[in-house]
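Observations on chain architecture
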Amino acid sequence: MQSNIIDGRAISAAIKEEVREQTRALKEERRIVPGLAFLLVGENAASQSYVRSKERACELCGFHSTTVTLPATASEEEILARVDNWNIDPDIHGILVQLPLPDHVDEDRVIESISPLKDVDGFHPVNVGKLVIGQEALLPCTPAGIHQLLLRSGIETAGKHVVVVGRSNIVGKPIANILLQKAAGANAVVTVAHSAAGDIAAYTRQADILIVATGRVNTVTADMVKDGVVVVDVGINRVEDASREKGYRIVGDVDYEGVGAKAAAITPVPGGVGPMTIAMLMQNTLNAARRAADGR
Ligand code: GUN
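A brief look at the structure comes next. (Residues numbered from 1 in each chain as written. Predicted model: local features only at pLDDT ≥ 70, side-chain atom pairs only at ≥ 80, totals over all residues. Heavy atoms only, no water.)

Okay, the pairing of strand S6 (residues 189–193) next. Each regular strand carries side chains that alternate between the two faces of the sheet. Relative to S6, strand S5 (residues 161–165) is paired through five bridges, and the arrangement is parallel. Across the sheet, the residue bridging to His161 is Val189, located in S6. Traced from S5 through helix H7 (residues 172–180) to S6, the parallel crossover comes out right-handed. (Pairing = 2+ DSSP bridges. Helix = DSSP H or I, 4+ residues; strand = E, 2+ residues; numbered from the N terminus. Right-handed = clockwise from strand over helix to strand, strands pointing away.)

This paragraph deals with the layout of surface pockets. Counted as a void, the largest pocket has a volume near 1400 Å³. Lining the largest pocket are 43 residues, and of these Tyr50, Thr142, Ile236, Gly274 and Thr277 sit closest to its centre. Looking at the lining of the largest pocket, the elements with two or more residues in it are helix H1 (8–30), helix H2 (45–61), strand S4 (94–97), helix H6 (141–152), strand S10 (248–251) and helix H10 (274–293). Partitioned by chemical class, the residues of the lining of the largest pocket number 23 nonpolar, twelve polar and eight charged. (1 Å grid on protein atoms, 1.4 Å probe; cavity = no way out; pocket = protein on both sides within 12 Å on 5 of 7 lines; lining within 4 Å. Points joined across faces, edges and corners; volume = space filled by probe spheres on them. Nonpolar A, V, L, I, M, F, W, Y, C, P; charged D, E, K, R; others polar.)

Our next topic: empty space enclosed by the protein. For the structure shown, the criterion picks out one cavity of 30 Å³ or more. By volume, the largest cavity amounts to about 50 Å³. Around the largest cavity sit Ile95, Leu96, Val97, Leu99, Ile111, Ile114, Asp119, Asp121 and Phe123, which together line it. Partitioned by chemical class, the residues of the lining of the largest cavity number seven nonpolar, no polar and two charged.

By size, the foremost hydrophobic cluster in this structure holds 48 residues, and its most contacted members are Ile146, Leu150, Ile211, Val234, Leu281 and Met282. In contact with Met282, not counting residues within four places along its chain, are Val19, Leu36, Lys54, Ala57, Cys58, Cys61 and Phe63. Counting residues in each nonpolar core, the second largest holds 18 residues, with Val163, Ala193, Ile200 and Val259 among its members. (Core = buried A, V, L, I, M, F, W, Y, C linked by side-chain atoms within 4.5 Å. Buried < 20%, exposed > 50% of the residue type's maximum accessible area, 1.4 Å probe, protein only. Contact = heavy atoms within 4.5 Å.)

Attention now goes to the site of the ligand. Every residue lining the ligand is accounted for by Leu96, Val97, Gln98, Leu99, Asp121 and Phe123. Asp121 places a side-chain nitrogen or oxygen 2.6 Å from a nitrogen atom of the ligand. The fraction of the free accessible surface of the ligand (280 Å²) that becomes covered by protein chains is 77%. Because more than half of its atoms lie within 2 Å of the grid, the ligand is assigned to the largest pocket. Taken together, the residues that form the shell around the ligand break down as four nonpolar, one polar and one charged. (Near = heavy atom within 4 Å. Polar contact = N/O pair within 3.5 Å; in protein donor to acceptor, adjacent residues only side chain to side chain. Areas by Shrake-Rupley, 256 points an atom, 1.4 Å probe, with all protein chains shown as cover. Sits in = over half its atoms within 2 Å of the grid points.)

Further remarks concern a nonpolar patch on the surface. On the surface, a cluster of nonpolar side chains totalling about 260 Å² of accessible area is made up of Val128, Val132 and Ile133. Judged by relative accessible area, Val128 falls into the partly exposed class, the value being 39%. (Patch = residues over 30% accessible without salt bridge, like charges linked within 9 Å, V, L, I, M, F, W, Y side chains within 5 Å. Salt bridge = Lys/Arg side-chain N within 4 Å of Asp/Glu carboxyl O.)

At a closest axis distance of 10 Å, the pairing of H2 and H10 adopts a crossing angle of 50 degrees. Overall, the two elements H2 and H10 adopt an arrangement that is oblique. Pair H2 / H10 crosses with right-handed handedness. The segment H2 lies against H10, with Ser53, Lys54, Ala57, Cys58 and Cys61 engaging Ile278, Leu281 and Met282. Counted by class, the contact of H2 with H10 contains six nonpolar, one polar and one charged residues. (Axes fitted to C-alpha atoms, helices over the stretch in contact; angles between N-to-C directions. Parallel < 35°, antiparallel > 145°, perpendicular 65-115°, else oblique. Left-handed = near helix turned anticlockwise from the far one by under 90°.)

Quick look at the pattern of salt bridges now. A pair can form between side chains of opposite charge whenever their charged atoms are brought close. Scanning the entire structure with this criterion turns up eleven salt bridges. Two residues, Glu76 and Arg109, come together in a salt bridge whose shortest N-O distance is 2.5 Å. Note that Glu76 is positioned in helix H3 (residues 76–87) and Arg109 in helix H4 (residues 107–113), a separation of 33 residues in sequence. Looking at Glu76, the relative accessible area reads 14%, which means it is buried. Assessed through its relative accessible area of 39%, Arg109 is described here as partly exposed.

The linkage connecting Leu99 with the following residue, Pro100, adopts the cis geometry, with an omega of 5 degrees. Tracing the chain through its elements places Pro100 in the loop between S4 and H4. That bond from Val269 to Pro270 is cis: its omega, -5 degrees, falls within 30 degrees of zero. Within the secondary structure, Pro270 sits in the loop between strand S11 (265–266) and H10. Of note, the phi angle at Arg31 is positive, near 60 degrees, even though the residue is not glycine. Note on placement: Arg31 falls in the loop between H1 and strand S2 (35–41). Under the relative-accessibility criterion, Arg31 is labelled exposed at 71%. Positive phi values are uncommon outside glycine, yet Asn218 reaches one of about 60 degrees. Assignment of secondary structure puts Asn218 in the loop between strand S7 (209–212) and strand S8 (230–233). With relative accessibility at 44%, the residue Asn218 sits in the partly exposed group.

See the structure below:
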């Protein structure tokens with residue numbers, strides 16, 4: 001089967017362009033500039049690089065952004081005080097505390113200190129609860145991005161069997177809940193398989209749409225899917241590759257060649273789900289700014 005490659009880079013660029021245009025209109029018509037605040041704690045190189053990418057996206061979209069970096073020794077109280085300042089700052093519509101935080105800090109307590117109206121990561125229990133019961137909420141960026149990939153690729157989800165492999169709070173649980181809702185681009189029958197399932201293949205073979213987020217290379221191979229499946233690969237894994245300058249390459253959780261040969265459509269890694277996360281962060285921040293302006 002000739003599978004369609006779902007181009008996350010192109011879809012992400014289109015969303016950022018829409019956000020940029022809508023931000024321009026919001027500025028012109030209502031004098032509002034969406035503002036996003038980043039908190040980095042410690043010197044984690046990956047976290048610093050992620051935040052730089054998010055700052056660049058803010059610039060592209062015409063947002064105001066500010067980054068505060070605290071030392072790894074910062075106390076939980078210092079972090080909470082920083083978040084509290086932004087919670088009451090009318091120029092800040094989104095707050096992103098880059099995770100992971102140092103071990104001595106209670107991440108849940110920090111996440112819960114963010115105003116749910118400014119929780120552009122969609123990690124606050126109020127937003128998680130609203131998602132589950134189908135109320136308007138700020139949705140976590142990676143699953144919101146997967147939803148957009150499916151919608152914008154014209155993939156029918158209503159009545160289809162979506163199998164999610166992985167039950168993380170960041171991807172597996174929220175994407176299952178998004179696609180379960182009785183809403184456009186959703187309304188699917190959803191199964192969540194995970195590490196306690198003895199025979200993962202017994203679940204994945206039933207999938208019309210298969211979403212894999214385990215963080216494990218080759219979680220899904222060709223013998224584990226049916227012909228015509230749509231595959232969304234959320235994994236980002238480094239594997240050794242002496243032929244590459246860096247000595248490694250990035251692969252997903254799915255055997256791309258084998259599964260791709262049977263799939264109707266598949267997301268590549270890199271260039272599939274990855275670029276969508278930042279686009280949805282921009283969309284969430286714009287939505288939060290609009291809602292603040294409407295007093296909702
Ligand atoms: N660390 C890795 N991914 C994320 C993310 O999406 N949000 C935050 N806040 N931290 C992260």
